[in-house]
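Structural description and commentary
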Amino acid sequence: MFLNFNSVVKLSLGLGCLVNLAGADHTAPVSTKTLESMMAEMEDLAFELRDEAERVYQQRCMHLDDCPKKNYDDCNTRYPSMSCMGGDTAKIEACGECDSLFDYTISNVVLPNSIVDDYNSIPNTPYDNSPVETICSTRMMDDWFIDTMDKLRDPDHADYKKFGEMDPQYFFGTADGIFRFYPARHWDNCEGNYDPRRRPWYVSAASGPRDVVIVLDKSGSMDNTEGYMELAKEAAYVILDGLTIGDHFTIVAFSTQAERPSFINQGLIRATSENKEKAKEWIGELDAGGTTNFLAAFESVQSAFVASNLSEKSSNCHKAVLFLTDGVMNSDISEWELYNLIGDIRTGYGPIIFTYSLGTNADTTILKNIACQNNGLWALIPDGKDLARYMSSYYKLFASGLSDAANENFLSWVEPYAYATGGTMGTTVSVPAFDNSGAAPRFIGVVGVDFTVEAMESAAGSSYAEVLEELVSKSTAICPSLNLDSCTLESLRLEDAMRATEHTMTGHGSVEPLHFVGPGGGAGGQGWCNSNFNYGCSNWNENYDCASSSEYYDIDLWHNYEEKDKNYPSRTCCSPGSLEPALPSDTCAVENRDLAATIIGGFCFFMLSLFCWKKRKGNQPKETAKVQHMASGTTNQRSVQPVAQAVSQPVAQAAAPAAAPAFNAQQQQMMLQQQQQQQQMMMQQQQQQQ
């Protein structure tokens, strides 16, 4: 219920008065769940969703003909059977005192703008076949979503309100960037900048706890017309956003010398929200200048690992170094000296090293060798491409190693965060999903189940501190094994380099894959480290698409466009008490609720005052006689005055209730007139805006 402050006070007084007069027992119910058992049930639900996601992926090529005009997105489409939901989970600031719309009969789809074809005449259409196939196949998950939610909302089912009063939310973030969400609801952000692959719940489930060292070139060449320095900073921000409380990190910025943030004084630091924000501030103040000293950069990396080991500040799991440069190493540094130093780091601490060559002038040979010698990946990012997307995709290597039976029950919990849909604080339990039908396992995405922190506190009877402590414990409890054979690793390198993860538009509604340049300078075939790779591995050229490379799905995915170009409140806000199927409403009928609260509060205040007056009136003769006796001179006058005031004050107050009914009625009428005037003003403003 959404009332303003005055209404809440009035209604609280009124209801409290009625309860007390009735002698009701309002003792809070005692929870029968422990936080640990509740989280275990949430985890089981996430595993069930993982199994469903893997099942529909196996059938992804069976639903293409039935796909056109059957899907709903986050901003443009109107949903078929919406419910006007109240309560804390449905509270949206933009709706004010209104409730908000959910549709429990469908899921909806969110697309990042990085995969949308802006040249296509059909709005919100992916430029590649893979996302289209994903949208069509994951629509089949709706049956599971609806069936599972029905059990939680059915009073006759054993799972009824299993997780308290607040329903969980389910979703699947896929490897090609599609985000399917249930129950369906409209989103405030329609800019297309939500990519599930950059969210902490996704990255943590795809890789497990990590120690991450981000190494950024800040030499003079980074200050150029292409804006390399700002691109590097933005990429670092995205990487930090993907870290969770189970991770530790630091940053190395290098040019002629190398430096690390002074507040990270023990090598690495836990990736809490506060620490990540401090790191972003430090990165934001970096200025380009100086030479390109690769050796100084890796010496600082080694120092960070040494300090982390001594201070025991670590995730005690996998380690990654992400090294970015736009230039060529200083000529006075021996290439073999650099390789030997990196070999010592690898031997002592075992990090996987990812290298990124930014722009056409960046070194390719040394950086490719570093990656190949240390089980990592190398990428050449051409000018104008999304650096943040390339660098933040390092988790895919870890994800590919999680597909074996030893990691079948691996999952991740994340630190409480504000939901992108409304700002409510919640957490997510997430599980990676794989396709194991081919010669090599294929990472297909991450499923998640959302729970509000309030629901966990309420259902399990725990405090926020207890919830947070348990989440930290869960986030670091398991370090998944990482088993990558040479064929899987080479296949991943080839896919990362050659598949159409980035595209160049060639015309209206058409795309052309952008191939990476290999170490030999050629396009495409040099994407791997082992030149004999294609002869020894059977899975290197598997085709996972349903259509041939020459086909392109030019279909309209979306059911309708009735909400296109409308603002957020007009798409998602509804009047409380709306009958189903509910529709959006630009105004809220709150005056009746305010009037009801005023009447109830006024009535109870009157009854309570009348009760007190009668009680005091019954005692008045005794007290009056006492006052008169005291005033006769037997008591010091100084002591008479306070007592007389104490007795006479309630008597004077007791006279007030006699006029209270007329006063309350007049006040209610004035309030009603004011609210009607405010509503008329709001309607006039809205008409002017329209």
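See the structure above.
So, a few notes on the structure that sits alongside this text. Everything quoted here is computed from the prediction, not taken from an experiment.

Turning our eyes to something else, we now look at the environment of L35. Considering the arrangement of structural elements, one finds L35 in helix 2 (residues 35-58). In this structure the C-alpha to C-alpha distance between L35 and S458, which are 423 residues apart in sequence, comes to 9.9 Å.

Right, let's talk about the sheet that holds strand 19 (residues 573-574) for a bit. With respect to topology, three strands assemble into an open sheet ordered 1-2-19, the strand pairing being antiparallel. Edge positions in the open sheet fall to strand 1 (83-85) and strand 19, since each of these has one partner strand only. Two strands pair when backbone bridges link them, and strand 1 and strand 2 (residues 99-102) are joined in this way by three bridges, in the antiparallel orientation. Within strand 2, the position partnered with S83 by the bridge is F102.

Applying the stated criterion across every chain, the model contains five disulfides. In this model C84 forms its disulfide with C574; the gap between the sulfur atoms is 2.0 Å. Taking the torsion about the sulfur-sulfur bond, which here is approximately 95°, the covalent link between C84 and C574 counts as right-handed. Here C84, found in strand 1, pairs with C574, found in strand 19; they are 490 residues apart in sequence, far enough to count as distant. You can call C84 buried: its relative accessible area is 15%. What pairs with C95 in a disulfide is C573, and their sulfur atoms sit 2.0 Å apart.

Take the pattern of salt bridges next. Evaluation of the coordinates by the stated rule reveals 19 salt bridges. For D66, the salt bridge is made with K70, and the minimal N-O distance between the two is 2.8 Å. Judged by relative accessible area, D66 falls into the partly exposed class, the value being 40%. Residues K151 and D147 are paired through a salt bridge, measuring 3.5 Å at the closest nitrogen-oxygen approach. Of this pair, K151 and D147 both sit in helix 4 (residues 142-153), four residues apart, which is roughly one turn of the helix. Judged by its relative accessible area of 42%, D147 falls in the partly exposed class. The structure contains a network of salt bridges with shared partners spanning R78, E562, E563 and K566.

Here D195 is to be found in the loop between strand 5 (179-182) and helix 5 (200-207). A distance of 2.9 Å separates polar atoms of two side chains, one belonging to D195 and the other to R197. Apart from the residues within four sequence positions on either side, D195 is in contact with P112, S114 and G177.

Right, let's get into the packing of helix 2 against helix 4. Two numbers describe how helix 2 lies on helix 4: the axes approach to 10 Å, and their chain directions differ by 155°. Of the possible angle classes, the one that applies to helix 2 and helix 4 is roughly antiparallel. In the crossing of helix 2 with helix 4, the sense of the turn from one axis to the other is right-handed. Judged by residue contacts, L45, E48, L49 and E52 of helix 2 engage W144, F145 and T148 from helix 4. In terms of residue class, the contact of helix 2 with helix 4 is made up of four nonpolar, one polar and two charged.

The terminal C-alpha atoms of helix 9 (residues 335-349) lie 21 Å apart, and with 15 residues this matches the ideal 21 Å at 1.5 Å per residue to within 8%. Among all positions in helix 9, only L338, Y339, L341, I342 and I345 are buried. Projection of helix 9 onto a plane perpendicular to its axis shows the buried side chains occupying an angular sector of 160°, all on one side. With respect to the buried face of helix 9, the exposed residues turned more than 90 degrees away are W336, N340 and T347. Where helix 9 is buried, its residues touch helix 8 (294-311), strand 11 (352-358) and helix 10 (365-373). At the N-terminal end of helix 9, a side-chain oxygen is found 3.3 Å from the backbone nitrogen of W336, two or three residues along, and the residue is S334. In the stretch just after helix 9, G350 is the one whose phi turns positive, near 70°.

Further remarks concern a negative patch on the surface. On the surface, D223, E281, E285 and D287 cluster together into a patch of negative charge. Here D223 lies in the loop between strand 6 (210-217) and helix 6 (228-241). You can call D223 exposed: its relative accessible area is 61%.

With that settled, the discussion passes to the packing of aromatic side chains. Evaluation of the coordinates by the stated rule reveals 31 aromatic pairs. Aromatic side chains Y72 and Y79 sit 6.1 Å apart centroid to centroid with 75° between the ring planes, which places their arrangement in the edge-to-face category. Considered together, Y72 and Y79 belong to a single accessibility category, that of buried residues. Judged by centre distance (5.2 Å) and plane angle (80°), the rings of F294 and F323 are edge-to-face. Here F294, found in helix 8, pairs with F323, found in strand 10 (residues 318-325); they are 29 residues apart in sequence, far enough to count as distant. F323 matches F294 in its accessibility class, with the two residues each being buried. Every member of this aromatic cluster is reached through a ring pair, and the members are F171, F179, F181, W187, Y194, W201, Y202, Y395, F434 and F443. Above the face of the Y57 ring, R60 is positioned so that its terminal group lies 4.2 Å from the ring centre. Over the aromatic face of Y104 sits the side chain of R153, whose NZ or CZ is 3.9 Å from the ring centroid.

What counts and what doesn't
- Residues numbered from 1 in each chain as written.
- Predicted model: local features only at pLDDT ≥ 70, side-chain atom pairs only at ≥ 80, totals over all residues.
- Heavy atoms only, no water.
- Helix = DSSP H or I, 4+ residues; strand = E, 2+ residues; numbered from the N terminus.
- Pairing = 2+ DSSP bridges.
- Disulfide = S-S within 2.5 Å.
- Buried < 20%, exposed > 50% of the residue type's maximum accessible area, 1.4 Å probe, protein only.
- Salt bridge = Lys/Arg side-chain N within 4 Å of Asp/Glu carboxyl O.
- Polar contact = N/O pair within 3.5 Å; in protein donor to acceptor, adjacent residues only side chain to side chain.
- Contact = heavy atoms within 4.5 Å.
- Axes fitted to C-alpha atoms, helices over the stretch in contact; angles between N-to-C directions.
- Parallel < 35°, antiparallel > 145°, perpendicular 65-115°, else oblique.
- Left-handed = near helix turned anticlockwise from the far one by under 90°.
- Nonpolar A, V, L, I, M, F, W, Y, C, P; charged D, E, K, R; others polar.
- Expected span 1.5 Å × (residues − 1).
- Arc of directions from axis to C-beta.
- Patch = residues over 30% accessible without salt bridge, like charges linked within 9 Å, V, L, I, M, F, W, Y side chains within 5 Å.
- Areas by Shrake-Rupley, 256 points an atom, 1.4 Å probe, with all protein chains shown as cover.
- Lys, Arg positive; Asp, Glu negative; His and termini not counted.
- Charge placed at Lys NZ, Arg CZ, Asp CG, Glu CD.
- Phe/Tyr/Trp six-rings, centres within 6.5 Å; stacked < 30°, edge-to-face > 60°.
- Lys NZ or Arg CZ within 6 Å of the ring centre and 35° of its normal.

Such coordinate-based values are descriptive only and should not be taken to indicate function.
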